[in-house]
Amino acid sequence: MAEYHYDEGGNMAAYFIITFLALILTPLTLTLLPSRSRSTNLSTPCECAPCTAQRIRMRPSKLRLPGKKMSFVIVGWFIFALLCWKVAGAKLDNKVYDPFEILGIGQGLSEKEIKSHFKQLSKKYHPDKVRVTVNETIEIIQNRFVTLTKAYKSLVDPVIRENLERWGNPDGRQELSLGIALPPWIVASHNNIYVLGAYAVLVGGVLPTLVGRWWFGNRQKTKDGINARSAAAFFQKLSEDAAEADVIRVLTAAYSFETVPAVKESTAALEAQVRSALGATVWAGIASEDTRRQRAMVLLYAYLLRLDVGQGLAKEQAALILQTPLLLNAMLIITQSRNWLTPVLATMRIHAFLTQALPPSPAPRKPLAQLPGVKLDETQVNDDNYVAFVRTLQEQEDSRVIDAQKALGRWGRVEIVDVSFRVIGERIITPSSIVYLVVKLRLVPPGAEPPKQEEVDGEAVKRLKRAVEERELAFLNSRKDAEDLRPGQTFSGGAHAPFWPGTRRPSWWIVLADDKSNRVVVPPLKITDVPFRRTGDASDFRAYKIQFQVPQTTGLLTWRVYVVSDSFVGEEPHQDIVMKIEDVSALKDDERGEEDEISEPEEDTIAGQMAAMRGGNVKKVTADDEESDDESGTDDESKSSSDSDSD
């Protein structure tokens, strides 16, 4: 019986640790790699001086120490490389002994052929025949010949061959060396009490604590990643007529529960500036809140008012601002569940106010302050004539005109090319059918001149129209919400956001709403990568679609489609659209299909009686149908009787 001998080399432990580190470090490293652009048509971000300076400020310093995640990855890969080097240089003794491989012969040779082959090897590798060199010492030469001799005898000597077949070694029974994935001190007998104690602490204390923290931590978070109490505050405080200022007030309620890295510096001096800028009415609502919420509101309004908070509070303010998109998205989901239009639009608009650092209503809107270098107090109220303002700067030879022109060149003003309802395979919209809202959009910078239209003949127009129809039909039959970008189309790679503490990619929401009832018809669709206008013809757009079910009643429904930007204040085009729901009878016979022929139940069936009670259509049973049924019944009875007689 073989004896087991512990391998103190620890090779198996090294293999285990290498595998464990590879499974953890590989996905972590992939998350740290910079993501590639999703499209080769990605346009450059805003190149105005304030945006460029903001990107430089937000760029990590080269001397900055790596974070916890990066440090763990670096140390982990270092240990991984060290263990791989150790394993690569370790000597493995678990190789199966094969005399045929040692002698370099096949297993089908006879004993005479084996002896002849060994004789040739002896002439070549006998210690008396091999000269000692620098690379081959006398010990290496002798060990090699001993190995060859032992392999030869294991094939020709009966006793040695029996040992090989029985024990797997020509020398007979050997100790079996097994490597286990544990260091030697763990299995040492004098360390049993310490190992058992550490095991008890790990299993009985540390592991339940970690699992408990994970479990209860997840219970405190919603699936949107915010604190459950923050979501409850949103649900309780939002009203059906909440405007932008109300959304800001409700948003700051979350900071009583959310974790924001705070500093010890006081905000008393900043409060005085915010109070003076907002007025007594708005400040009264801020002053009545708890300390954490009041501090968050002061920092938030200081950012919207573009006040200098100082270096001490800047880090806390940046962390607070960067957390707002997550909270606003959770708030948007709550308002969508109630189908309230006003708070849905207000929540969407707050994204743009935060991006451009502009105070929302009831403060006067000053869209021109979005231009680089333009302050809040030097623009007219509700004036959004960017082209005229830039022309004024140019006439005054203002140095800001260059940056303003760069910003307008990357502006996110959306143009609605077309809005329509489409039902695949049907000419009209019938009750309870599946319909697609198709919205065709493109970006047009303010003041951009329309491209020159080339004169085309009638046939070219027809071909273009057919191509657009085929393109739209292919898009409707696909599962994508957004049409693929066409060759040559470009979109904005980054929004003009000189105050936002991070990178900002512009996006928009498509909202189908009923203004009369203040309701959202279907959940909004968030879109990105709207292309810039190139040719201006009927095919120069990108289509987006929203799928939903038509109401069960016929009639005309007048709705409105909003396209709301999350990066630019005041850029909110809308267009009214009418849905005409017609009865199935308006379809032609060939359009109804075979299904309509069996759609009406007969009046003498249970389904027919229930349909008649509801006022639906039923199929009348005529005398001919009854006679045909009787005749068929008689035929069946005669056939069954004839079958029984034949039996």
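Residues numbered from 1 in each chain as written. Predicted model: local features only at pLDDT ≥ 70, side-chain atom pairs only at ≥ 80, totals over all residues. Heavy atoms only, no water.

Student: Explain the pattern of salt bridges to me, and be specific about the residues and the numbers.
Tutor: This model, assessed by the stated rule, comprises 20 salt bridges. Between E244 and R349 there is a salt bridge whose closest N-O contact spans 3.6 Å. Of this pair, E244 sits in helix α11 (residues 244-252) while R349 is found in helix α16 (residues 341-356), placing the two residues 105 residues apart along the sequence. Residue R400 pairs with E378 through a salt bridge whose shortest N-O separation is 3.0 Å. Of the two residues, R400 sits in the loop between α17 (386-395) and α18 (401-409) while E378 sits in the loop between α16 and α17, which places them 22 residues apart along the sequence. (Salt bridge = Lys/Arg side-chain N within 4 Å of Asp/Glu carboxyl O. Helix = DSSP H or I, 4+ residues; strand = E, 2+ residues; numbered from the N terminus.)

Student: Can you tell me about the nonpolar core, naming the residues and giving the values?
Tutor: Core analysis: the largest hydrophobic core is formed by 46 residues, its most contacted members being F234 and L354. Elements with a minimum of two residues in this core: α10 (228-237), α11, α12 (268-278), α14 (291-304), α15 (310-338) and α16. In terms of residue count, the dominant contributor to this core is α14 (nine residues). Once you skip the residues sitting within four places of it in the chain, L354 turns out to touch L300, Y303, L304, T324, L328 and W500. (Core = buried A, V, L, I, M, F, W, Y, C linked by side-chain atoms within 4.5 Å. Buried < 20%, exposed > 50% of the residue type's maximum accessible area, 1.4 Å probe, protein only. Contact = heavy atoms within 4.5 Å.)

Student: Which residues make up the UniProt feature "transmembrane region" (unreviewed entry) in the protein chain, and what values go with them?
Tutor: Cross-referencing UniProt, the feature "transmembrane region" (unreviewed entry) maps to residues 12-33, 70-88 and 193-216 in the present numbering. A helix fraction of 100% and a strand fraction of 0% characterise residues 70-88, whose end C-alpha atoms lie 27 Å from each other. (UniProt positions renumbered as here; feature names shortened; annotations may be inferred.)

Student: Which residues make up the environment of A495, and what are the values?
Tutor: Its location among the elements puts A495 in the loop between α19 (458-476) and β5 (507-514). It is 7.7 Å that separates the C-alpha atoms of A495 and G412, two residues lying 83 residues apart in sequence. Setting aside its immediate chain neighbours within four residues, A495 contacts C46, R504, P506, S567 and F568.

Student: Can you tell me about the pairing of β5, naming the residues and giving the values?
Tutor: For a regular strand, side chains alternate in direction, first toward one face of the sheet and then toward the other. Burial runs high along β5: eight of the eight residues are buried. Residues of β5 alternate between two faces, with S507, W509, V511 and A513 on one and W508, I510, L512 and D514 on the opposite face, all of them buried. Sheet topology places β5 next to strand β9 (residues 555-565); six bridges connect them, and they run antiparallel. Residue A513 lies in a different strand from β9, and its bridge partner there is R560. (Pairing = 2+ DSSP bridges.)

Student: Please set out unusual backbone geometry residue by residue, giving values where relevant.
Tutor: For A357, which is not glycine, the phi dihedral falls at a positive 55°. The topology assignment puts A357 in the loop between α16 and α17. The phi angle at S432 is positive, at roughly 65°, despite the residue not being glycine. Inspection of the secondary structure assignment puts S432 in the loop between β3 (414-422) and β4 (434-443). Residue S432 is classed as partly exposed on the basis of its relative accessible area of 31%.

Student: Run through the side chain of S565, naming residues and quoting values.
Tutor: Looking at the element boundaries, S565 is found in strand β9. A polar side-chain atom of S565 sits 3.1 Å from the main-chain amide nitrogen of S567. Polar side-chain contacts of S565 include one of 3.2 Å to the backbone nitrogen of F568. The residues touching S565, leaving out its near neighbours within four places in the chain, are M348, A352, S507, W508 and E571. (Polar contact = N/O pair within 3.5 Å; in protein donor to acceptor, adjacent residues only side chain to side chain.)

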